[in-house]
Amino acid sequence: MNEFVYLPENLDEALEIRASTGAVPIAGGTDLMVRYRRGSGIPPQFDFPVVLIGKIDALRYIEVSADNIHIGSATTLTEIFMNEDVPQILKLAVGEMASPAIRNVATIGGNIGNASPAGDTLPPLYILDAKIVLKNLNGEREVPIEDFITGPGQTILRSDEIIYEVTIPIGNFDKIYYRKIGTRKALALSKVSFSAAVNYRGDVIDDMRFAFGAVAPVVIRSREIEGEFKNITFNELKNREGEIAQKYSPLINPIDDQRSTAEYRRKVSLRLLKFFIQNVI
Amino acid sequence: MHSEITFTLDGERVSVDCNPLRRLLDVLREDFNLVGVKEGCGEGECGACAVIVDGKLVNSCIVPVGAVNGAEILTIEGIKKTEIFGKIADAFAQMGAVQCGFCTPGMIVATYAILNQNPKPSRKEIVEGLSGNLCRCTGMNIIIEAVEMAAKNIAR
């Protein structure tokens, strides 16, 4: 039994605690407080030391530089949703997450660190080529989000590091699309989600990106497949819909769980792709 | 492990010396006898335990008390002392928006948060603002209408 909980005043203190104890960071607590709850009147019990970082100002910011937008890891989903500079596709996903009371405390760093296949900020972040900045006492490193998350609940975060920032390259898309399938509108975890972003010149596709959430151990984005369908016209894209779906099909490896079935997830995710190609683009 | 945690509770400066992982909900109910803060699901899904922390609606069942050190907390008891509470309560009564009453404190806290953000909310904004609060007597529609009525009466 370990009841160690640390309340650092600032980032340096938090990093020192991480380095010396490996305590697990808790920001909003919306995942961990539920996972380790024990019932009425009893504090949750973690089998590891924890460090509360939600109040650290140095982790709560949204800033714009020449090429990037920088979001501090303890920035809440509400703060992201209300911000003018945050890319629209991320805001579309954030706006459909949980409920206002949850979004007021849940953080983007938490959603990334939790590394759930159904984490709803993740598909837009994959599409946006987001990088995750990790900090420890010695400095920082920056890794693409798809390298950071390695499996369900698995990341490459070292025990002395804290997720410090999400860095998103500034860029515009001519068309964005986000669709989440859940049991109801509020407070539902995704059964499936589909995100898309496209740039075009006239009717020729310049850049087309797709991401599928909750259909595999990690979010599915394939730069290889995307690359095969560049510099073609909308008409050609529509004609090759079956071919595209066939290419994505082997990547989609969903599971049966309490929220949905593998079969449903497979069908719906490919139908969302087809719907996007035929009706949205 | 104990820590001293200080915060403002319904306008009064208070402190507790306890495990910082205790749920804010338990601290409010057990240490301050604020039993208007209800526990429904205990996992952030129902909104019965809603309170306002630093001006924002939160579910107190998933907030460790250590996370509110220095914060300003407003519960249903504090909201009762505000000017608009009477209008909200009247609207809930007139619309019959209370049946068993268990979700009502949370609904009123959420209503307060909605009206604080926008005194003239659209129906869509009301629905969104109440989306984290569940009523199991199936009265959601009349609760939404009660918030509309409260907004109208406050503006009058």
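About the criteria used
- Residues numbered from 1 in each chain as written.
- Chains lettered and ligands numbered in written order.
- Predicted model: local features only at pLDDT ≥ 70, side-chain atom pairs only at ≥ 80, totals over all residues.
- Heavy atoms only, no water.
- Helix = DSSP H or I, 4+ residues; strand = E, 2+ residues; numbered from the N terminus.
- Polar contact = N/O pair within 3.5 Å; in protein donor to acceptor, adjacent residues only side chain to side chain.
- Contact = heavy atoms within 4.5 Å.
- Buried area = accessible area lost by both parts, 1.4 Å probe.
- Salt bridge = Lys/Arg side-chain N within 4 Å of Asp/Glu carboxyl O.
- Nonpolar A, V, L, I, M, F, W, Y, C, P; charged D, E, K, R; others polar.
- Expected span 1.5 Å × (residues − 1).
- Buried < 20%, exposed > 50% of the residue type's maximum accessible area, 1.4 Å probe, protein only.
- pLDDT = per-residue confidence, 0-100.
- Axes fitted to C-alpha atoms, helices over the stretch in contact; angles between N-to-C directions.
- Parallel < 35°, antiparallel > 145°, perpendicular 65-115°, else oblique.
- Left-handed = near helix turned anticlockwise from the far one by under 90°.
- Pairing = 2+ DSSP bridges.

So, on to the side chain of Asp120 of chain A. Residues and elements named next belong to chain A. Along the polypeptide, Asp120 turns up in the loop between helix 6 (108-114) and helix 7 (122-127). Reaching out from Asp120, the side chain makes a polar contact with the side chain of Ser190 at a distance of 2.6 Å. Other than its neighbours up to four places away in sequence, Asp120 contacts Ala93, Met97, Asn111, Tyr178, Lys180 and Ser190.

Moving on, we come to the interface of chain A and chain B. When the parts of a complex come together, some accessible area is lost, and that lost area is often used as the size of the interface. The interface of chain A with chain B comprises 33 residues on the first partner and 34 residues on the second. Here chain A meets chain B over a buried area of about 2700 Å², counting both sides, of which 59% is carbon and sulfur. Interface area lost by chain A to chain B is led by Met33, Arg37 and Lys55 of chain A, which between them contribute 18%. For Lys55 of chain A, the salt bridge is made with Asp54 of chain B, and the minimal N-O distance between the two is 3.6 Å. Scanning the region where chain A abuts chain B turns up six residue pairs in polar contact (both at pLDDT 80 or more). Those elements that place two or more of their residues in the side of chain A that touches chain B are helix 2 (32-35), strand 3 (50-52), helix 3 (77-82) and helix 5 (100-103) of chain A. When residues of the side of chain A that touches chain B are assigned to their parent elements, the largest contribution, four residues, is made by helix 5 of chain A. Among the residues making up the side of chain A that touches chain B, the classes are represented as 18 nonpolar, nine polar and six charged.

A few words now on helix 12 (residues 262-280) of chain A. Residue and element names in this part refer to chain A. The terminal C-alpha atoms of helix 12, which comprises 19 residues, lie 26 Å apart, in line with the 27 Å expected from a rise of 1.5 Å per residue. Within the sequence span of helix 12, burial applies to Arg265, Val268, Ser269, Leu270, Leu272, Leu273, Phe276, Ile277 and Val280. Close packing links the buried residues of helix 12 with strand 11 (175-181), strand 12 (192-201), strand 13 (204-213), helix 10 (234-239) and helix 11 (241-248).

Glancing now at the confidence of the model for chain B. Averaged over every residue, the pLDDT of chain B is 97; the share at 70 or more is 100%. Both confidence scores are given for the complex: pTM 0.96, ipTM 0.97.

This part takes up the environment of Ser122 of chain B. Residue and element names in this part refer to chain B. Structurally, Ser122 is set in the loop between helix 4 (104-117) and helix 5 (123-129). By relative accessible area, which is 33% here, Ser122 ends up partly exposed. Residues Ser122 and Ala151, spaced 29 residues apart in sequence, show a C-alpha to C-alpha distance of 9.9 Å.

This brings us to the packing of helix 4 of chain B against helix 6 (residues 140-155) of chain B. Residue and element names in this part refer to chain B. Direction vectors running N to C along helix 4 and helix 6 enclose 45°, while the axes themselves pass 11 Å from each other. The orientation of helix 4 relative to helix 6 falls into the category oblique. Handedness of the helix 4/helix 6 crossing: right-handed. Where helix 4 abuts helix 6, its residues Met107, Thr111 and Leu115 lie against Met140, Ile143, Val147, Ala150, Ala151 and Ile154. For the contact of helix 4 with helix 6, a count of residues per class yields eight nonpolar, one polar and no charged.

On to the side chain of Asn59 of chain B, then. Within the fold, Asn59 of chain B resides in strand 4 (residues 56-59). Only 3.2 Å separates the side chain of Asn59 of chain B from the backbone oxygen of Gly44 of chain B, close enough to count as a polar contact. The residues contacting Asn59 of chain B, other than those within four sequence positions of it, are Ala101 and Ile102 of chain A together with Gly44, Gly47, Cys49 and Ala50 of chain B.

A few words now on the packing of helix 3 (residues 85-95) of chain B against helix 4 of chain B. Residue and element names in this part refer to chain B. It is at 11 Å that the axes of helix 3 and helix 4 come closest, and there the two elements cross at 125°. The orientation of helix 3 relative to helix 4 falls into the category oblique. Helix 4 is crossed by helix 3, and the crossing has right-handed handedness. Contacts from Phe85, Ile88 and Phe92 of helix 3 reach helix 4 at Thr104, Met107, Ile108, Thr111, Tyr112 and Leu115. Of the residues in the contact of helix 3 with helix 4, the class split is seven nonpolar, two polar and no charged.

Residue and element names in this part refer to chain B. Phi is positive for Asp10, close to 50°, though the residue is something other than glycine. Residue position: Asp10 is located in the loop between strand 1 (3-9) and strand 2 (12-18). Non-glycine residue Asp54 carries a positive phi angle of around 50°. On the basis of relative accessibility, which here comes to 43%, the residue Asp54 falls in the partly exposed class.

All names here are of chain A. Ordered in space as 11-12-13, the three strands form an open sheet in which the pairing is antiparallel. Looking at which strands have only one partner, the edges of the open sheet turn out to be strand 11 and strand 13. Going from strand to strand, the sheet's axes swing by 10° on average, the running direction of each strand aside. Sheet analysis places strand 12 next to strand 13, joined by nine bridges and oriented antiparallel. Bridging from a neighbouring strand, Ser195 pairs with Ala211 of strand 13. Sheet contacts for helix 4 (residues 88-95): strand 11 and strand 12; angle to strand 11, the most-contacted strand, approximately 20°.

What follows concerns the environment of Pro44 of chain A. Relative to the helices and strands, Pro44 of chain A is located in the loop between helix 2 and strand 3. Along the backbone, Pro44 of chain A and Val34 of chain A are ten residues apart, and their C-alpha atoms lie at a distance of 8.2 Å.

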